[in-house]
Amino acid sequence: MKIVNLILVLCIGGFLIYGTLDMPRWGDPDSPASKHVSPRYIQKTVEETATPNMVTSILADYRGYDTLGETTVIFTAGMACILLLRNSIRKNRND
Amino acid sequence: MIDFIIERYNFWIYVILMMIGLYAMITKRNLVKKVIGMNIFQTSIILFFISLASKRGGTLPIMKQAHGLENFPVDPSAYINPVPHVLMLTAIVVMVATLGVALAILILIYRKYGTLEEDEILKRMQ
Amino acid sequence: MIILFDLIILIFVVICAVTAITVKDLLSAVMILGAYSFFMCLLWTEMGAVDVAFTEASVSAGIGTILFIAAIIKTTRRSKD
């Protein structure tokens, strides 16, 4: 069974390595990922948000709704942990 | 040939890390080992996205000129692409939230069945 | 982006990952996973992602390791594979 799993994993890895042959070069300034949206953020961040750190200005200003959704995820995970472990906490307190 | 390898060797190492995590997730019987494999898998994906953001000749995504120079022209190729950094900050926090819920479920499984091995749990469920 | 430094840290990361899934003792595996997270943090600092690097160092290598250790103390540290 381990051999089957190993062959499966190697097949997936081979396909992914075949996919990287068409990727842009590592650190290419003209790659499509760094040509489309990010130049506008880099050029306008001090003018529009008055924050020198671009990561902070995008995280809290341009994409604030994204951070709001992240907070929802953390809240849901915390509530799930409390609901799962609630019985054991109460049992420990009674002992 | 050497240039071709130097430009892409780190993508291949990320694929190797992802294969290690996937193998641990589908082969190991212990549930903690499965969670460790999931952690390695997620970290390799985050590493891939961060390496897409790097630029040859670019510095950290923090402005060199401070306030008072708002109309100063900025060259976008002098700074690293900041958008993948923001997305991966969110992904790291979601990764730890997932880890917390997984470990809570794992503690409950141990309390009910007395073991963390997958085959013994399947045997005791019958 | 320094190629030699990058390659050395990537090799360390792969060694840590392989060790973390092969060692039998679960507490040792979790400690090696913490070392893996710190090597990953070093790699991201080298690529220029400082915000991601300190988030990883505080959240994943700190809180993640603490959660793992708490779960292992509550359960068992023996493992068959």
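Residues numbered from 1 in each chain as written. Chains lettered and ligands numbered in written order. Predicted model: local features only at pLDDT ≥ 70, side-chain atom pairs only at ≥ 80, totals over all residues. Heavy atoms only, no water.

Moving on to the overall build of chain A. Secondary structure summary: chain A contains four helices and zero strands in total. Start at the N end of chain A and walk to the C end: the helices and strands fall as α-α-α-α. Its C-alpha radius of gyration of 23 Å places chain A more than 25% over the 12 Å reference for a compact globule of 95 residues. Viewed in the frame of its principal axes, chain A has a C-alpha envelope of about 65 × 55 × 15 Å. (Helix = DSSP H or I, 4+ residues; strand = E, 2+ residues; numbered from the N terminus. Rg over C-alpha atoms; globule rule 2.2 N^0.38 Å.)

Turning to the interface of chain A and chain B, a few remarks are in order. One frequently used descriptor of interface size is the decrease in accessible area upon assembly of the parts. On the chain B side, the residues contacting the 47 residues of chain A number 47 residues. For the pair chain A and chain B, the summed buried surface comes to about 4,600 Å²; carbon and sulfur atoms form 74% of the total. Looking only at chain A, the three residues that lose the most surface to chain B are V9, W26 and I42 of chain A, adding up to 15% of its buried area. Here chain A is connected to chain B by one salt bridge. Among the ionic pairs, R25 of chain A bridges to E7 of chain B, the shortest N-O distance being 3.9 Å. Taken together, the links from chain A to chain B amount to 13 residue pairs in polar contact (both at pLDDT 80 or more). Listing elements by their share of the side of chain A that touches chain B, those giving two or more residues are α1 (2–20), α2 (38–49), α3 (54–62) and α4 (64–94) of chain A. The element contributing the most residues to the side of chain A that touches chain B is α1 of chain A, with eleven residues. Across the side of chain A that touches chain B, the residue classes break down as 30 nonpolar, ten polar and seven charged. (Contact = heavy atoms within 4.5 Å. Buried area = accessible area lost by both parts, 1.4 Å probe. Salt bridge = Lys/Arg side-chain N within 4 Å of Asp/Glu carboxyl O. Polar contact = N/O pair within 3.5 Å; in protein donor to acceptor, adjacent residues only side chain to side chain. Nonpolar A, V, L, I, M, F, W, Y, C, P; charged D, E, K, R; others polar.)

This part takes up the interface of chain B and chain C. Across the contact, 43 residues belong to chain B and 43 residues belong to chain C. Interface area for chain B against chain C, summed over the two sides, is near 3,900 Å², with a carbon-plus-sulfur share of 79%. Summed over the three residues of chain B that lose the most area to chain C, namely Y9, K33 and I36 of chain B, the buried surface amounts to 14% of that side. Linking chain B to chain C there are one salt bridge. Among the salt bridges present, the one from K80 of chain C reaches E120 of chain B, with a minimum N-O distance of 3.0 Å. Counting every contact that joins chain B to chain C gives seven residue pairs in polar contact (both at pLDDT 80 or more).

Right, let's talk about helix α3 (residues 50–74) of chain C for a bit. The end-to-end C-alpha distance of α3 of chain C is 35 Å, a good match for the 36 Å that 25 residues give at a rise of 1.5 Å each. The largest bend in α3 of chain C amounts to roughly 35° and is located at E56 of chain C. (Expected span 1.5 Å × (residues − 1). Bend = angle between axes of the 7 residues up to and from the residue.)

Let us now look at α1 of chain A. Residues that lie three or four places apart on an α-helix share one face, since the helix turns once every 3.6 residues. For α1 of chain A, which comprises 19 residues, the first-to-last C-alpha distance of 27 Å matches the rise-based estimate of 27 Å (1.5 Å per residue) to within 8%. Those residues of α1 of chain A not exposed but buried are N5, V9, G13 and T20 of chain A. The buried residues of α1 of chain A occupy one face: seen down the axis, they fall within an arc of 65°. Seen from the buried face of α1 of chain A, the exposed residues on the opposite side, beyond 90 degrees, are I3, V4, F15 and Y18 of chain A. On its buried side, α1 of chain A packs onto α1 (2–27) of chain B. (Buried < 20%, exposed > 50% of the residue type's maximum accessible area, 1.4 Å probe, protein only. Arc of directions from axis to C-beta.)

Moving on, we come to the nonpolar core. By size, the foremost hydrophobic cluster in this structure holds 58 residues, and its most contacted members are L17, I36 and L47 of chain B together with Y36, W44 and F68 of chain C. When residues of this core are traced back to their parent elements, those giving at least two are α3 of chain A, α1, α2 (31–53) and α3 (83–113) of chain B together with α1 (3–22), α2 (26–47) and α3 of chain C. When near neighbours in sequence (up to four residues on either side) are disregarded, L47 of chain B contacts Y14 and L17 of chain B together with L10, M40, L43, W44 and M47 of chain C. Core analysis: the next-biggest nonpolar cluster, separate from the first, contains six residues, I42, V46 and M54 of chain A together with M63 of chain B among them. (Core = buried A, V, L, I, M, F, W, Y, C linked by side-chain atoms within 4.5 Å.)

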